[in-house]
Amino acid sequence: MENLLIGLLICGGICLPVAVAWHSFIDRYLLASVISSINAIILFTLLLYGRHADFSGYFWLLTTTTFLIATCVSFLTGLPFAIYRKRR
């Protein structure tokens, strides 16, 4: 259980700054969300590969769960940016 929480915290710690960076540079909400999700998946996968150097059979599970978490974080992080740009 502790490993799961640590993994989620690391994934959230990667996803949030990546989403803020992409949403601040790209004006289109959906495009920035997709790019930041893909970027977060790549960074998280490289981080884990550097740590463990082998995924065995868990690569697709890792990619899928990271995609779900990164997409949710990216969409929620982009909402304030989209609302601010709409009101401008």
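Treat the numbers as computed from the prediction; the structure is a model and nothing was measured. (Residues numbered from 1 in each chain as written. Predicted model: local features only at pLDDT ≥ 70, side-chain atom pairs only at ≥ 80, totals over all residues. Heavy atoms only, no water.)

(A) Fine view of the nonpolar core. Judged by nonpolar contacts, Cys11, Ile14, Cys15, Val18, Ala40, Phe44, Leu62 and Ala70 together constitute the single largest core of 8 residues. At 4 residues, the largest contribution of residues to this core is made by helix α1 (residues 2-25). Excluding its chain neighbours within four sequence positions, the residues that come into contact with Ala40 are Ile14, Cys15, Val18, Thr66 and Ala70. (Core = buried A, V, L, I, M, F, W, Y, C linked by side-chain atoms within 4.5 Å. Buried < 20%, exposed > 50% of the residue type's maximum accessible area, 1.4 Å probe, protein only. Helix = DSSP H or I, 4+ residues; strand = E, 2+ residues; numbered from the N terminus. Contact = heavy atoms within 4.5 Å.)

(B) Examining the side chain of Ser33 more closely. Structurally, Ser33 can be placed in helix α2 (residues 29-52). For Ser33, a relative accessible area of 1% puts it in the buried group.

(C) Expanded view of the pattern of salt bridges. This model, assessed by the stated rule, comprises 1 salt bridge. The salt bridge involving Asp27 is made with Arg85; its shortest N-O contact spans 3.3 Å. Of this pair, Asp27 sits in the loop between α1 and α2 while Arg85 is found in helix α3 (residues 59-87), placing the two residues 58 residues apart along the sequence. (Salt bridge = Lys/Arg side-chain N within 4 Å of Asp/Glu carboxyl O.)

(D) Expanded view of the side chain of Ser74. Secondary-structure assignment places Ser74 in helix α3. By relative accessible area, Ser74 is classed as buried at 1%. In contact with Ser74, other than residues within four places in its own chain, are Ala19, His23, Ala32, Ser33, Ser36 and Ser37.

(E) Spatial organisation of α1. Spanning 24 residues, α1 covers 35 Å between terminal C-alpha atoms, matching the ideal 34 Å at 1.5 Å per step. The complete set of buried residues in α1 reads Cys11, Ile14, Cys15, Val18, Ala19 and His23. Those residues of α1 that are buried are in contact with α2 and α3. (Expected span 1.5 Å × (residues − 1).)

(F) Quick look at α3. Here α3 is 29 residues long and its end C-alpha atoms lie 42 Å apart, about the 42 Å a rise of 1.5 Å per residue gives. Roughly 30 degrees is the biggest bend found in α3, and it falls at Leu79, with proline Pro80 one to four residues downstream. Buried within α3 we find Leu62, Thr63, Thr66, Ala70, Thr71, Ser74, Thr77 and Gly78. On its buried face, α3 sits against α1 and α2. (Bend = angle between axes of the 7 residues up to and from the residue.)

(G) Seen up close, a nonpolar patch on the surface. Where nonpolar side chains cluster on the molecular surface, the patch consists of Leu30, Val34, Ile38, Ile42 and Leu46 and spans about 470 Å² of accessible area. With respect to the secondary-structure elements, Leu30 resides in helix α2. (Patch = residues over 30% accessible without salt bridge, like charges linked within 9 Å, V, L, I, M, F, W, Y side chains within 5 Å. Areas by Shrake-Rupley, 256 points an atom, 1.4 Å probe, with all protein chains shown as cover.)

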